[in-house]
Structure formats: C-alpha cells, structure tokens
Amino acid sequence: MSNFNKNGWVSLAQICEERQLVIDAETGKKVLRPAYFSSMNAMIEGAFQFARFFEEIHQKGKVYCSISPDVFYFNLKNGAFHFEGEEFLGEAYVQEPDAAEIEFTEFLAPELAEALAEEQEKLLSETEEQEALETFKECYSLETDRYFMAVYLFEYFFHTGSPFEGKKMVNRCFLSPEEKELFRAREGRFCMEPGEEENIPVKGIQDKLIQYWNEYPEILQKMFQKAFLDGGRLRELRPTEVDWKQLLVRMAMDYKSCHCGFHGFSYRLLPKENGTFACPKCGKIYYPLTNGMDRILLAEGEKLYECQTGRNPMDKDTVTGLIVENRQKKGLYGIKNVSQGVWRGFYPDGKLKDIPNGQGIPIWNGMSVRFELGEEWNLHLMQQVEERKEDEDEQTV
C-alpha cells in the first residue's frame, strides 16, 4: 500500500475541474475550494512532468491501461508530479480494454471506442458460430496513450471538457455515452479547428475555452490542432511525449516575468519600430537574439538556460547565462556566460573572441554569439540602438 500523503496535492481530474473537495480546518466539513496552480511556471512544469511520465513508461514498454485521471497528482505550488496507479500499467499492445467494465468517455482513443462498441454489440448478440470466429481486437498502445495524454492536456489548460464538444455535439441528442463517443470517434470535429463553423465552442457552455484559448501562445494551439486534426484518426500522427516536452520547454522559455509585476507570454510584449519589444507595463526593452527559427529575448534581469545554450534541449532549469550591466559602462548590458562551456562572440566590427565562464559579450546591434553546440544567434535591429566604441575591458560584463 502506498504511503503517499495527498495533502497539498490535487488530482488531474480536480485540475481539469478547477476545484477540489477539502476538509475545512475550522468547521471540519467538506467544502469545495479552487484548484489553481500558483503560477504559470508551475502549471507548465506539471504538464512537462506529466509528459515525461509517459515517456518513461513507454521506454519500459509499458502503457496506461485505463482512462481515469484520478491517479495523477500535482503540487499546485511548484508543479511536482506523482503517479498513484501502478496497477493500471500494462504491456504495450497486449492488454485489451474490458468492454463490460470500461466507461465510455472522451478520453478513449477513437480506435478503442469503435472496437469496444463492436465488442459490446457482439456480447449482446453472440452465437456459437460467432464465438468461434477470430477477430482483431484493439489493445492499449503508445498511440492510445498519446491520444489520452492530448485530451487531458487540453482539459488541463482549458478546463472545458472534450475538445470535440462544440455546437455540433451539444445540439445533438445522444441516448447513451456509448452512442455519443462512437459519434465523436467517427464524425467528431475539433471545435478549435481553423475555419470551423459547424462545431464551434458554445457560449454559456464552453466559456473557459473561449476565454483561455487566446491566452496561450500559438505554438500550443497548433499542437492541439495537430493532435485532434491530424492525429484524431491517424494514430501515427499524434504528438509524442517528446513533442509535448519540447513544446513545454519552449513555453517555459517564452513566459516572461518582469520586475514591475507583468507576467505573460512574449506575444503580449509591445513590438517597437527597430525590432525590439517593450514590457506593456513598465516599458523595459527586450532585444531579440535569433537563429532564424527561434529567438531568445534579452533584457535586464533575464536568464539563459541549458536548453537554449547547451547540450540538453530539455533542461529548462539549469542557468547558463545572465543578462548583467557592464561594470565599466552603466546602461550597457551584456550576456555573461555562467556555464562550463566556451562560447564564441562576433562583434559588429568583425572582431572574434572566445567567451569562457565568467566572461560575456555586450548586447550590441550586429553582434552574434555561438553557444556550446556552435549554433549562431544574431541580433539585427532595424537601426542602430546606439553607436558604441568597443574596447577590451567591455568583454567582461
């Protein structure tokens, strides 16, 4: 029996509902309380750990042979994760769902919903001749896990129920959960599909989805579109655990917390004419360092991480760089290397310098830096921010 103490933890089901049932310390009665993460960083961390859990069990050849959210627990303060359902793990592509026991919900992958519906029909009208026939049966698999994971992450972020629960399904009368989920498996349309009109979210029912959808960056929206458009029925196109981890690392790097109290993803920063961005609350300037595909926003007080500059693209916790003010020239900021690797800096006048631990490069228009893996990141603004004369002392920031 597990010794896990659930105090301070909430289940995935409670997070999706945004409320938890707790014992009131004064009255001793059960009361409903909000179940919100303390910060966006904690929420992203919880989702990252959820995806990592599936990556780890899949590496061992195991899958989650259930659809219950009640065995996944999260700490609302820091996003820590705990799994309390070892009995639900089984061998991939071996264990079949029990048609007589399983509950039909939106978390069933379409292939499982259809197979179970056929199995139930067979149980109701089985003859000796039919019983002798060998039929293919769907099993719990990596692909069913990935569908389950995508649906729960959708509810984790948007707290709205099924990703297919739009106008088309709300306005339709279903006589049983089985009929509803079979319709969803065969004819369901993702309610946030671009250009979708037939199954759009319904005001008064899916207000949270309507509210939250545009609060998150476009990369998250596109991942869910991939999961439920491309991967809805084509199981091989479903986002993998690594896909989700990569996305969540990008989200963590994109989320900004300014000293003035502003918190938000970078799309909320105000673009300036010269290519920089400004905090919408205090005006602090962010300089975009880009490799042509991704960007790192440099500003006073910001940090760089191993996933941006080092060899581990999933390490979003180890600090490798700091944005600090130059000791000799107030108002001039630079990137200080605090990693064990050696970077290489390219100055606007063509000069090249190695940047070991403790050294840095000023944030100047036209500068470039190669981090540990040799990928080049550049700062090219529309116009010169300030004409500066370089000298040897300014390498140390």
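Look a little higher up for the structure.
No experiment lies behind these values; they were computed from the predicted model shown.

Enquirer: I'd like to hear about empty space enclosed by the protein, residue by residue, with values.
Expert: This structure, assessed with the given rule, holds one cavity of 30 Å³ or more. Within this model, the largest cavity holds a volume of roughly 40 Å³. Here the lining of the largest cavity takes three residues from helix H5 (residues 142-158), the largest share from any one element. Of the residues in the lining of the largest cavity, the class split is seven nonpolar, two polar and one charged.

Enquirer: Tell me what's going on with the sheet that holds strand E14 (residues 303-305), and back it up with residues and numbers.
Expert: With antiparallel pairing, four strands are arranged side by side in an open sheet as E14-E15-E16-E19. With one partner strand each, in any of the chains shown, E14 and strand E19 (360-362) form the two edges of the open sheet. Sheet twist, expressed as the average angle between the axes of neighbouring strands with direction ignored, equals 20 degrees. With three bridges joining them, E14 and strand E15 (residues 319-325) adopt antiparallel strand pairing. Bridge pairing in E15 links Leu304 to Gly321.

Enquirer: Got a sec to walk through the side chain of Thr276? Specific residues and values, please.
Expert: Mapped onto the fold, Thr276 is located in the loop between strand E10 (270-271) and strand E11 (277-278). Residue classification places Thr276 among the buried positions, given a relative accessible area of 3%. Polar side-chain contacts of Thr276 include one of 2.7 Å to the side chain of Asn274. Excluding its chain neighbours within four sequence positions, the residues that come into contact with Thr276 are Leu270, Pro271, Ile285, Tyr286, Tyr287, Pro288 and Leu381.

Enquirer: Please give an account of the sheet that holds strand E6 (residues 81-83) that cites residues and values.
Expert: Strand order in the open sheet formed by three strands is E1-E5-E6, and the pairing between neighbours is antiparallel. Lying at the two open borders of the sheet, with one neighbouring strand each, are strand E1 (9-11) and E6. Recorded for the sheet is a direction-independent mean angle of 30 degrees between the axes of neighbouring strands. Two strands pair when backbone bridges link them, and strand E5 (residues 72-75) and E6 are joined in this way by three bridges, in the antiparallel orientation. Directly across from Phe72, in E6, lies its bridge partner Phe83.

Enquirer: I'd like a rundown of the environment of Cys16, residues and numbers included.
Expert: By the element assignment, Cys16 lies in helix H1 (residues 12-17). With a relative accessible area of 7%, Cys16 lands in the buried category. The spacing of Cys16 and Lys62 is 46 residues in sequence and 25 Å in space, taken between C-alpha atoms. Setting aside residues no more than four positions away along its own chain, Cys16 makes contact with Tyr152, Glu155, Tyr156 and His159.

Enquirer: Explain helix H9 (residues 218-230) residue by residue, including any values.
Expert: Here H9 contains 13 residues, and its C-alpha end-to-end distance of 17 Å stays within 8% of the 18 Å for a straight helix at 1.5 Å per residue. Considered for burial, the residues of H9 that qualify are Leu220, Gln221, Met223, Phe224, Gln225, Ala227 and Phe228. Of the surrounding elements, those touching the buried residues of H9 are H5 and helix H10 (241-254).

Enquirer: So what about the pairing of strand E12 (residues 285-290)? Which residues, and what values?
Expert: Looking along a regular strand, one sees the side chains alternate between the two faces of the sheet. Bridge count between E11 and E12: two bridges; the pairing is antiparallel. When the bridges of E12 are listed, Phe277 appears paired with Tyr286. Hairpin connection, E11 to E12: the antiparallel pair is bridged by six residues, and Gly283 has positive phi, about 85 degrees. Counting the residues in the hairpin turn of E12 and strand E13 (residues 295-298) gives four residues, including Gly292, whose phi is positive at 100 degrees.

Enquirer: Can you tell me about the packing of helix H2 (residues 40-59) against H10, naming the residues and giving the values?
Expert: For the pair H2 and H10, interaxial distance at closest approach is 9 Å and the crossing angle is 160 degrees. One element, H2, and the other, H10, form an angle in the roughly antiparallel class. Handedness of the H2/H10 crossing: left-handed. In this structure, H2 contributes Ile44, Ala47, Phe48, Ala51, Arg52, Phe54, Glu55 and His58 to the contact, and H10 contributes Glu241, Val242, Trp244, Lys245, Leu248, Val249, Met251 and Ala252. Along the lines of polarity and charge, the residues of the contact of H2 with H10 split into eleven nonpolar, one polar and four charged.

Enquirer: Tell me about the pattern of salt bridges, and please be specific about residues and values.
Expert: A full pass over the atoms with the stated rule returns 21 salt bridges. Linking Arg33 and Asp24 is a salt bridge whose minimum nitrogen-to-oxygen distance equals 2.6 Å. Taking the relative accessible area as the measure of exposure, Asp24 reaches 15% and is therefore buried. Notably, a salt bridge pairs Lys62 with Glu91, separated by 2.7 Å at the nearest N-O pair. With Lys62 in strand E4 (residues 62-64) and Glu91 in strand E7 (residues 89-91), the pair connects residues that are 29 residues apart, well separated along the chain. Here the residues in one salt-bridge network are Glu45, Lys316 and Asp317, joined through shared partners.

Enquirer: Tell me about the layout of surface pockets, residues and numbers included.
Expert: Reported here for the second largest pocket is a volume of approximately 340 Å³. Lining the second largest pocket are 19 residues, and of these Ser39, Met40, Met43, Tyr212 and Tyr216 lie nearest its centre. Breaking the lining of the second largest pocket down by element, the ones donating at least two residues are H2 and strand E9 (263-265). Considering every element that reaches the lining of the second largest pocket, the biggest residue donor is E9, with three residues.

Criteria and thresholds
Residues numbered from 1 in each chain as written. Predicted model: local features only at pLDDT ≥ 70, side-chain atom pairs only at ≥ 80, totals over all residues. Heavy atoms only, no water. 1 Å grid on protein atoms, 1.4 Å probe; cavity = no way out; pocket = protein on both sides within 12 Å on 5 of 7 lines; lining within 4 Å. Points joined across faces, edges and corners; volume = space filled by probe spheres on them. Helix = DSSP H or I, 4+ residues; strand = E, 2+ residues; numbered from the N terminus. Nonpolar A, V, L, I, M, F, W, Y, C, P; charged D, E, K, R; others polar. Pairing = 2+ DSSP bridges. Axes fitted to C-alpha atoms, helices over the stretch in contact; angles between N-to-C directions. Buried < 20%, exposed > 50% of the residue type's maximum accessible area, 1.4 Å probe, protein only. Polar contact = N/O pair within 3.5 Å; in protein donor to acceptor, adjacent residues only side chain to side chain. Contact = heavy atoms within 4.5 Å. Expected span 1.5 Å × (residues − 1). Parallel < 35°, antiparallel > 145°, perpendicular 65-115°, else oblique. Left-handed = near helix turned anticlockwise from the far one by under 90°. Salt bridge = Lys/Arg side-chain N within 4 Å of Asp/Glu carboxyl O.

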